[in-house]
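Each chain is listed here by its residues.
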Amino acid sequence: MRILGLILAGGIGGMLVAAAPMVSKPIPWKSGAVAPTVNGVKLGDTEQRALDLLGVPDEVNSTSNGELLEYTTKGLEVTCTKEGVIAMRLLSPAAGSIDGIKVGDIARNAMLKWGAPQGGSGRIAQFGPGPWVIVVHLADRDPTIVDLTLALNHGNTSLEAPKLNAFQTQ
């Protein structure tokens, strides 16, 4: 297995690049960039707009801030609050893609598309310009993407760059 990504050294936060070919393409998003869509749904869309585009969910669960629309057959979860859609989690290839990357792809595809992760921990990497993020979660033993989340970032993410230790691919 080759490691593509960043390994950040402890306390000083120095950066060490893994000994594999590194993707030199810069991240495609700049501050103020519009987040990608998932099946036509955008972050900030109303819950009704998401329902219009995605149809009736298989299950709706209430959360402390809103509702979780679960599309089990599609492998998609959409979190809505009074502010609108705040997150979309893709759990299967049938859920669609985020900027062309889908569940079942390998981590290398995400890095070729988006560059090195801006944060993460272990088998999780974070991409995006800041106001919104894409969180990529890899399988335990291989570089396969098992889920993707596109979400508004309200500054409470636990995926800070100093915690990033590896994003592994084959």
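In this text the structure is predicted, and so the values were computed from the model without any measurement.

## A look at the pattern of salt bridges
Line of reasoning, step 1. Scanning all chains against the criterion turns up two salt bridges.
Line of reasoning, step 2. Between R89 and E77 there is a salt bridge, and its shortest N-O distance comes to 3.7 Å. Here R89, found in strand β7 (residues 84-90), pairs with E77, found in strand β6 (residues 76-81); they are 12 residues apart in sequence, far enough to count as distant.
Line of reasoning, step 3. Given the relative accessible area of 31%, R89 is considered partly exposed.
Line of reasoning, step 4. A relative accessible area of 17% means that E77 is categorised as buried.
Line of reasoning, step 5. Of the charged contacts, one joins R89 and D147 as a salt bridge, the two residues approaching to 3.3 Å between their closest N and O atoms. Residue R89 is located in strand β7, and its partner D147 is located in strand β11 (residues 145-152); the two are separated by 58 residues in the primary sequence.
Line of reasoning, step 6. Take D147: its relative accessible area is 10%, and that puts it in the buried class.
Line of reasoning, step 7. Salt bridges here are not isolated pairs; linked through shared partners, they connect E77, R89 and D147.

## Here's the deal with the confidence of the model for the protein chain
Line of reasoning, step 1. Looking at the protein chain as a whole, the pLDDT averages 79, with 74% of positions reaching at least 70.
Line of reasoning, step 2. Element-level mean pLDDT values for the protein chain span from 23 in strand β3 (residues 15-17) up to 98 in helix α1 (residues 47-54).
Line of reasoning, step 3. In this model, residues 156-166 is a region of pLDDT below 50 whose contacts with residues beyond four sequence positions or in other chains number 30 contacts.

## Here we look at the sheet that holds β7
Line of reasoning, step 1. The sheet built from eight strands is open, its strands ordered β4-β5-β6-β7-β11-β10-β9-β8 with antiparallel pairing. A strand with exactly one partner marks an edge of an open sheet, and here the two such strands are β4 (59-62) and β8 (119-121). Mean inter-strand twist for the sheet, computed between neighbouring axes without regard to direction, equals 15°.
Line of reasoning, step 2. Contacting β5 (66-71), β6 and β7, α1 crosses the sheet at an angle of about 10° to β5.

## Side note on the side chain of E70
Line of reasoning, step 1. Mapping E70 onto the fold places it in strand β5.
Line of reasoning, step 2. As a buried residue without a salt bridge, E70 has its nearest oppositely charged side chain in R89, at a separation of 8.3 Å.

## Focus on unusual backbone geometry
Line of reasoning, step 1. Even without being a glycine, N39 presents a positive backbone phi close to 55°.
Line of reasoning, step 2. Inspection of the secondary structure puts N39 in the loop between β3 and α1.
Line of reasoning, step 3. Its identity as a non-glycine residue notwithstanding, D99 has a phi of 55°, on the positive side.
Line of reasoning, step 4. Along the polypeptide, D99 turns up in the loop between β7 and α2 (107-114).
Line of reasoning, step 5. Classification of D99 as partly exposed rests on a relative accessible area of 28%.

## Overview of the packing of aromatic side chains
Line of reasoning, step 1. Scanning the entire structure with this criterion turns up one aromatic pair.
Line of reasoning, step 2. When the centroid spacing of 5.1 Å and the interplanar angle of 55° are considered together, the rings of W114 and F127 count as tilted. A residue pair is termed long-range when its members are at least 10 positions apart, and W114 in helix α2 and F127 in strand β9 (residues 124-127) qualify at 13 residues. The same class applies to W114 as to F127, namely buried.

## With respect to the nonpolar core
Nonpolar side chains in soluble globular proteins tend to end up buried together.
Line of reasoning, step 1. Within the largest apolar cluster, 32 residues are counted, with the highest numbers of intra-cluster contacts made by V78, F127, I134 and L150.
Line of reasoning, step 2. If you list the elements that add at least two residues to this core, you get α1, β5, β6, β7, α2, β9, β10 (132-138) and β11.

Cut-off values and rules
- Residues numbered from 1 in each chain as written.
- Predicted model: local features only at pLDDT ≥ 70, side-chain atom pairs only at ≥ 80, totals over all residues.
- Heavy atoms only, no water.
- Salt bridge = Lys/Arg side-chain N within 4 Å of Asp/Glu carboxyl O.
- Helix = DSSP H or I, 4+ residues; strand = E, 2+ residues; numbered from the N terminus.
- Buried < 20%, exposed > 50% of the residue type's maximum accessible area, 1.4 Å probe, protein only.
- pLDDT = per-residue confidence, 0-100.
- Contact = heavy atoms within 4.5 Å.
- Pairing = 2+ DSSP bridges.
- Axes fitted to C-alpha atoms, helices over the stretch in contact; angles between N-to-C directions.
- Lys, Arg positive; Asp, Glu negative; His and termini not counted.
- Phe/Tyr/Trp six-rings, centres within 6.5 Å; stacked < 30°, edge-to-face > 60°.
- Core = buried A, V, L, I, M, F, W, Y, C linked by side-chain atoms within 4.5 Å.

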